[in-house]
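Next come the chains, spelled out residue by residue.
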Amino acid sequence: MTWTTPETSHISIIIPTLNEENNLDNLLSSLQAYQNVEIIVTDGGSTDKTVDITRNHTVQVVTSPAGRWIQQNEGAKTASGNILVFLHCDTMLPDDFPNMIYTILNQPETAAGAFRLKI
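Please read these numbers as outputs of a predicted model, since none were measured by experiment.

Quick notes on the rules
Residues numbered from 1 in each chain as written. Predicted model: local features only at pLDDT ≥ 70, side-chain atom pairs only at ≥ 80, totals over all residues. Heavy atoms only, no water. Helix = DSSP H or I, 4+ residues; strand = E, 2+ residues; numbered from the N terminus. Rg over C-alpha atoms; globule rule 2.2 N^0.38 Å. Buried < 20%, exposed > 50% of the residue type's maximum accessible area, 1.4 Å probe, protein only. Core = buried A, V, L, I, M, F, W, Y, C linked by side-chain atoms within 4.5 Å. Contact = heavy atoms within 4.5 Å. Pairing = 2+ DSSP bridges. Axes fitted to C-alpha atoms, helices over the stretch in contact; angles between N-to-C directions.

## Examining the overall build of the chain
Inference 1: For the chain, the count of helices and strands is 4 helices and 4 strands.
Inference 2: Expected size for 119 residues packed as a compact globule is a radius of gyration near 14 Å; at 14 Å, the chain falls within 12% of this value.
Inference 3: For the C-alpha atoms alone, the extent of the chain along its principal axes is close to 45 × 25 × 25 Å.
Inference 4: Residue burial in the chain is summarised as follows: out of 119 residues, 36% are buried.

Right, dumping it as structure tokens:
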């Protein structure tokens, strides 16, 4: 499969959360400006303001049992994109992340990728 341009591809970002009120607002704010990017927050039963914070953003919220892999699977089932990005709530993507994703996935025999981690 080839993902040639943002016009022909759709990225779904799946963010599993559990009591992430300290990180979530900044992350969601940083992602709101991108076109062809769907944002799905899969909450595993937060008892803080995590779910309330999502209401200030244009995102989908899915509830599921706690457990990162369970939450990621639930988000993937909900996703409409043909490219899935699983993102920790305390991680910020590079400014040009959509084009970086399209570029790497257009390389022959590439099926997956990851961003470098900077702490």
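After that view, the rundown keeps rolling.
## As for the nonpolar core
Inference 1: Within the largest apolar cluster, 21 residues are counted, with the highest numbers of intra-cluster contacts made by I11, I13, I15 and L31.
Inference 2: Residue assignment for this core shows that the elements contributing at least two residues are β1 (11–17), α1 (24–31), β2 (37–43), β4 (83–86) and α4 (97–105).
Inference 3: Ignoring sequence-local partners within four residues, the contact set of I13 consists of L31, V37, E38, I39, I40, V85, L87, L93 and F97.

## Digging into unusual backbone geometry
Inference 1: Phi is positive for N36, which is not a glycine, with a value near 55 degrees.
Inference 2: Summarising the element assignment, N36 is placed in the loop between α1 and β2.
Inference 3: In this structure N36 comes out as partly exposed when scored by relative accessible area, which is 31%.
Inference 4: With a phi close to 65 degrees, E109 is a non-glycine residue in the positive phi region.
Inference 5: Summarising the element assignment, E109 is placed in the segment after α4.

## Quick word on the sheet that holds strand β3 (residues 60–63)
Inference 1: The 4 strands are arranged β3-β2-β1-β4 in an open sheet whose pairing can be described as parallel. This sheet does not close on itself; its edge strands, each paired only once, are β3 and β4. The mean inter-strand angle of the sheet, taken between neighbouring strand axes irrespective of direction, is 25 degrees.
Inference 2: Alignment of β1 against β4, held across 4 bridges, turns out to be parallel. Each bridged residue has a counterpart across the sheet, and for I13 the counterpart in β4 is V85.
Inference 3: Lying over the sheet, α1 contacts β1 and β2, oriented at roughly 175 degrees with respect to β1.

## What to know about the environment of T47
Inference 1: Among the structural elements, T47 can be located in the loop between β2 and α2 (50–54).
Inference 2: Considered as a pair, T47 and L31 are 16 residues apart in the sequence and their alpha carbons are 24 Å apart.

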